[in-house]
Amino acid sequence: MKYKTSCFNPGLSRDALRRFWPLPVGSFLLFFVSLVLPFYHELHSRSVELLSQYNYVSEYGESVQDVADYFAGAFTLQTLLLAVLAPTAAMLVFHHLHGKKEIQFYLSLPVRRSCLYLTSMLTGLLVVLVPMLLCHGLAVGICLYSGVVVQPALRLLAVCSLLLLLFYGMAVLACVLAGQRFGAFLLYAGMHVAALVIWIGLSRVSERFIPGFSATVAPPQWALWLMPLVKLFSDDNVLNSLNHLKLTIPLIYGIVGILLLVFSGVLYQIRRAETAGDMLSFSAIKLLSKIFAALAVGLGGFALLQLLAFPDRSVPFWGLLLLLLVLIAVGWIAAEMIIQKSFRIFHSRSVLTGGALLLLCAAVMLGARADAFGYVHRTPELSHVESASLSISPWHGY
């Protein structure tokens, strides 16, 4: 009989903590070594005169800026640590989704699926959140003990907590969608890099197929939001000109992370137990993954070959079109092999779906070449231009 009143099982949580205790210990050590120790060393390595300036924060604005600069510099490393620790925690606490024996055992327990999900999700979140809170609390304590401002440390804690929700939500969603840890890892990595690779390749392809288009154009804002790490580290999205951390974008990403956790819980309820061991657990995700993988390999490979093999643009249009279609086909075949875990992938459905994707890509490229999207037509004649402005893109370091 399944218990109906509890939404969290302390016994399962304690069992997970006993099994995976190295993760919270390792997380604490990483945060301590990367944040607390350097900050303590930074304060105590300064001269007595400089430390005396910290004690008069209200009179010396420079000391406030020094502390803000330090925690602004720590923001990048802390974000990267969270991007690694979040999927590690998710894959450990949701290990039962990736083994046929484990999933059968967990589903046989007298608890509801919602309880299983909430127990695993909260346990995985706490094994990273608690060590992070302890280390950031130590950093705040060092600030108070040394008489320096604590606002930058508190802002970094808030930003890191919100970003942990995002990365952990992405990781949990990847674990629920996948039937193997390797598949979960590929999905999580794809969430970070697929949009970036596709944009770079698409801009390179568009430059060759659309007259007048330049690959140096910066990605649109909607594409940047699909690249969390790029969005966070570009321009002044999180750090302003004074190196003060801003909370707007991390807050939006934190809300997205919460929504991803809720959506993962819904999928956890309908996920079939027999899909454990498969690369992916949902048919729709298999199709979307193959399409994105094919486009990423095709467009990204095209951009790489253009940069290395023919930078002088000596290849004719039809040769470029054929090369692009071949690379997309290679990406589709590779994705099929990984998902099916077999070399026998040329069944009728796969061939028809892959062929339809190739035809659609060829039609889009031919249409772009013929200016079906009106890019050239919307460009004004030189005699009609009254003024122009030059925008330097930070993406290319000009």
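Everything quoted here is computed from the prediction, not taken from an experiment.

Peer 1: I'd like a description of helix α12 (residues 283-308), backed by residues and values.
Peer 2: When the terminal C-alpha atoms of α12 are compared, their 37 Å separation across 26 residues agrees well with the 38 Å that a helix rising 1.5 Å per residue should span. Considered for burial, the residues of α12 that qualify are I285, S289, K290, A294, A296, G298, L299, G301, F302, A303 and Q306.

Peer 1: Give me the packing of helix α1 (residues 10-19) against helix α6 (residues 113-146): which residues, what numbers.
Peer 2: Two measures define how a pair of helices packs: the angle their axes make with one another and the distance between the axes. Closest axis-to-axis distance for the α1/α6 pair is 9 Å, and the angle between their directions is 40°. Taken together, the axes of α1 and α6 are oblique relative to one another. Where α1 crosses over α6, the handedness of that crossing is right-handed. Taking contact as the criterion, the partners of L12, S13, A16 and L17 in α1 are, on α6, L116, T119, T123 and V127. Each residue belonging to the contact of α1 with α6 can be placed in one class, and the counts come to five nonpolar, three polar and no charged.

Peer 1: I'd like a rundown of the nonpolar core, residues and numbers included.
Peer 2: In this structure, F71, L82, F94, F167 and Y168 are the most contacted members of the largest nonpolar core, which totals 83 residues. Sorting the residues of this core by element identifies α2 (22-44), α4 (61-93), α5 (100-107), α6, α7 (151-177), α8 (181-209) and α11 (248-270) as the ones contributing at least two each. Looking at this core element by element, the count peaks at 19 residues for α7. Once you skip the residues sitting within four places of it in the chain, F167 turns out to touch T79, L82, A83, A86, Y188, H192, L229 and L232. One finds I198, F317, L327 and W332 within the second-largest nonpolar core, a separate group that totals 19 residues.

Peer 1: Residues and numbers for the packing of α7 against α11, please.
Peer 2: Orientation of α7 relative to α11, taken along the N-to-C sense of each, is 25°, at an axis distance of 7 Å. Between α7 and α11, the angle falls in the class roughly parallel. α7 and α11 meet at a crossing whose hand is left-handed. Looking at side-chain class alone, the contact of α7 with α11 contains 21 nonpolar, four polar and no charged residues.

Peer 1: Residue-level account of the packing of aromatic side chains, with values.
Peer 2: Counting across every chain of the model gives eight aromatic pairs. For the ring pair F39 and F71, a centre distance of 4.9 Å and an interplane angle of 50° mean the geometry is tilted. Pair noted here: F39 is in helix α2 and F71 is in helix α4, with a separation of 32 residues, a long-range link. The pair formed by F39 and F71 is uniform in burial state, with each residue classed as buried. Ring geometry for F75 and F233: centres 5.9 Å apart, planes at 80°, overall edge-to-face. Of this pair, F75 sits in helix α4 while F233 sits in helix α10 (residues 228-233); the two residues are 158 residues apart in sequence, bridging distant segments of the chain. Within the aromatic cluster, the residues linked to one another by ring pairs are F94, Y117 and Y268.

Peer 1: Pulling in residues and values, what's your account of the pattern of salt bridges?
Peer 2: Counted under the stated rule, the structure contains two salt bridges. A salt bridge links R18 to D15; the shortest N-O distance between them is 4.0 Å. Of the two residues, R18 and D15 both sit in helix α1, three residues apart, roughly one turn of that helix. Overall, the relative accessible area of 28% leaves D15 in the partly exposed class.

Calculation notes
- Residues numbered from 1 in each chain as written.
- Predicted model: local features only at pLDDT ≥ 70, side-chain atom pairs only at ≥ 80, totals over all residues.
- Heavy atoms only, no water.
- Helix = DSSP H or I, 4+ residues; strand = E, 2+ residues; numbered from the N terminus.
- Expected span 1.5 Å × (residues − 1).
- Buried < 20%, exposed > 50% of the residue type's maximum accessible area, 1.4 Å probe, protein only.
- Axes fitted to C-alpha atoms, helices over the stretch in contact; angles between N-to-C directions.
- Parallel < 35°, antiparallel > 145°, perpendicular 65-115°, else oblique.
- Left-handed = near helix turned anticlockwise from the far one by under 90°.
- Contact = heavy atoms within 4.5 Å.
- Nonpolar A, V, L, I, M, F, W, Y, C, P; charged D, E, K, R; others polar.
- Core = buried A, V, L, I, M, F, W, Y, C linked by side-chain atoms within 4.5 Å.
- Phe/Tyr/Trp six-rings, centres within 6.5 Å; stacked < 30°, edge-to-face > 60°.
- Salt bridge = Lys/Arg side-chain N within 4 Å of Asp/Glu carboxyl O.

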